[in-house]
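Coordinate inspection notes
So the chains spell out like this:
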Amino acid sequence: MTGVILAGGRSSRMGVDKATYAVAGRPMIEWVGEALEAVADRVVVAGRDEPLAGYEPLPDPRPSHRGPLAGVVAALEAFWDTGVVVVAVDQPWVRPETLRQLAGRMTDLAVVPVDSGVRQTTCAVYPPTVAAAARTELEEGGSLQSLLDVVAFEQVVDWHSWGEDGRSWFSVDSPEDEDEGLARFGVP
């Protein structure tokens with residue numbers, strides 16, 4: 001299993017690079033990377049041309065293709081023989097146990113938590129079998145959400161039984177989100 005930190009977005013809502021934005025005194029990329037290292041054989045940072053925080057870069061397929069789907073496509077094409085477990089760089093509260101549980105369910109279907117009807121596409125597992133469909137969605141201007149509209153996937157709704165409370169996909173898109181996360185979940 002390859003761990004992929006999705007870090008190719010523009011960070012427009014945050015105003016600064018989310019990867020280096022510090023939560024509880026530590027860059028978000030380090031929180032996410034540490035969680036992925038606990039479950040993956042290798043961890044890379046998608047959407048980057050240069051190493052970041054010691055993680056090998058995995059550039060987006062083309063400069064015009066950015067964002068989470070581009071990162072998943074790049075990862076599936078680079079690591080065609082393994083599945084990939086992905087986490088957005090702005091999800092510093094991600095739990096290794098949640099990632100372990102998701103990875104343990106991988107077959108030929110993507111494995112995606114669903115929280116109150118919302119598919120948590122950036123804290124999920126994608127197998128090589130979805131690579132072609134992911135590439136097509138990317139070329140057609142789609143997203144991870146639209147990819148799940150066209151491929152079969154396992155909807156994970158029993159994540160509470162792992163001790164998960166939604167923190168693993170809680171996103172920090174603004175300083176206010178950081179404050180909310182610290183108040184709800186404490187230090188990552």
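What comes next concerns the included structure. (Residues numbered from 1 in each chain as written. Predicted model: local features only at pLDDT ≥ 70, side-chain atom pairs only at ≥ 80, totals over all residues. Heavy atoms only, no water.)

**Some details on the environment of Ile-5**
The criterion, for reference: A run of DSSP states H or I qualifies as a helix once it reaches four residues; a run of E qualifies as a strand once it reaches two. Both are numbered from the N-terminal end. When a residue's accessible area, from a 1.4 Å probe over protein chains only, is under 20% of the maximum for its type it is buried; when over 50% it is exposed; and in between it is partly exposed. It only takes one pair of heavy atoms within 4.5 Å for two residues to be counted as in contact.
With respect to the element layout, Ile-5 can be found in strand β1 (residues 2-6). Here Ile-5 falls in the buried class, since its relative accessible area comes to 0%. Ile-5 sits 86 residues away from Gln-91 along the chain, and the two C-alpha atoms are 9.7 Å apart. Once you skip the residues sitting within four places of it in the chain, Ile-5 turns out to touch Ile-29, Val-32, Gly-33, Leu-36, Val-43, Val-44, Val-45, Ala-46, Tyr-55, Val-87 and Val-89.

**A short note on the nonpolar core**
When a protein is soluble and globular, its nonpolar side chains tend to lie buried together. Just so we agree on the cut-off: Put simply, a nonpolar core is a bunch of buried Ala, Val, Leu, Ile, Met, Phe, Trp, Tyr and Cys residues held in one set by side-chain atoms that sit within 4.5 Å of each other.
Formed by 28 residues in total, the largest nonpolar core has its most connected members in Val-4, Leu-76 and Tyr-126. Those elements giving two or more residues to this core turn out to be β1, β4 (42-46), α2 (68-78), β6 (84-88), β7 (110-115), β9 (123-126), α4 (131-139) and α5 (144-150). For this core, the element with the highest residue contribution is α2, accounting for seven residues. Of all hydrophobic cores here, the second largest spans 26 residues; its members include Val-45, Tyr-55, Leu-99 and Leu-102.

**What about the pairing of β6?**
In plain terms, the rule: Only strands that DSSP links by at least two bridges are regarded as paired with each other.
Counting buried positions over the five residues of β6 gives five, a clear majority of the element. Alternating residues of β6 divide into Val-84, Val-86 and Ala-88 and Val-85 and Val-87, and every residue in both groups is buried. In this sheet, β9 lies alongside β6 in antiparallel orientation, the contact comprising four bridges. From the neighbouring strand, Val-87 faces β9, where its bridge partner is Cys-123.

**Points about the side chain of Glu-137**
Test applied: The sign given to each residue is positive for Lys and Arg and negative for Asp and Glu; His and the chain ends receive no count. Any Lys or Arg side-chain nitrogen located within 4 Å of an Asp or Glu carboxyl oxygen qualifies as a salt bridge.
Along the chain, Glu-137 turns up in helix α4. Among buried charged residues, Glu-137 stands out as having no salt bridge; its nearest opposite-charge side chain is Arg-119, 9.5 Å away. Dropping the residues within four chain positions of it, Glu-137 is found in contact with Leu-69, Gly-142, Ser-143, Ser-146, Leu-147 and Val-150.

**Some thoughts on the environment of Thr-2**
Its place among the elements puts Thr-2 in strand β1. Excluding its chain neighbours within four sequence positions, the residues that come into contact with Thr-2 are Ala-40, Arg-42, Phe-79, Thr-82, Gly-83, Val-84 and Val-85.

**Quick word on the pattern of salt bridges**
What the rule picks out here adds up to 15 salt bridges. One salt bridge connects Glu-77 with Arg-135, and the closest N-O pair in it is separated by 2.8 Å. Residue Glu-77 is found in helix α2, and its partner Arg-135 is found in helix α4; the two are separated by 58 residues along the sequence. Salt-bridge contacts for Arg-105 lead to Glu-154; the nearest nitrogen and oxygen are separated by 3.0 Å. Taken together, the residues span a long stretch of sequence, with Arg-105 in the loop between α3 (96-104) and β7 and Glu-154 in strand β10 (residues 153-156) at a distance of 49 residues. Overlapping salt bridges, with partners in common, bring together Lys-18, Asp-90 and Asp-173 in one network.

**Some thoughts on the packing of α2 against α4**
Rules: Note on method: axes are straight lines fitted to C-alpha atoms, helices fitted across the in-contact stretch only, with angles between N-to-C directions ranging 0 to 180 degrees. Note on convention: near helix rotated counterclockwise from far helix by under a right angle means a left-handed crossing. Clockwise means right-handed. Residues were grouped as follows: Ala, Val, Leu, Ile, Met, Phe, Trp, Tyr, Cys and Pro as nonpolar; Asp, Glu, Lys and Arg as charged; and all remaining residues, including Gly, as polar.
Relative to each other, α2 and α4 sit at 145°, their axes nearing to 9 Å. By crossing handedness, the relation of α2 to α4 is classed as left-handed. Contacts between α2 and α4 involve Leu-69, Ala-70, Val-73, Leu-76 and Glu-77 on the former and, on the latter, Ala-131, Ala-134, Arg-135, Glu-137 and Leu-138. Counted by class, the contact of α2 with α4 contains seven nonpolar, no polar and three charged residues.

All quantities given are derived from atomic positions and should not be read as evidence of function.
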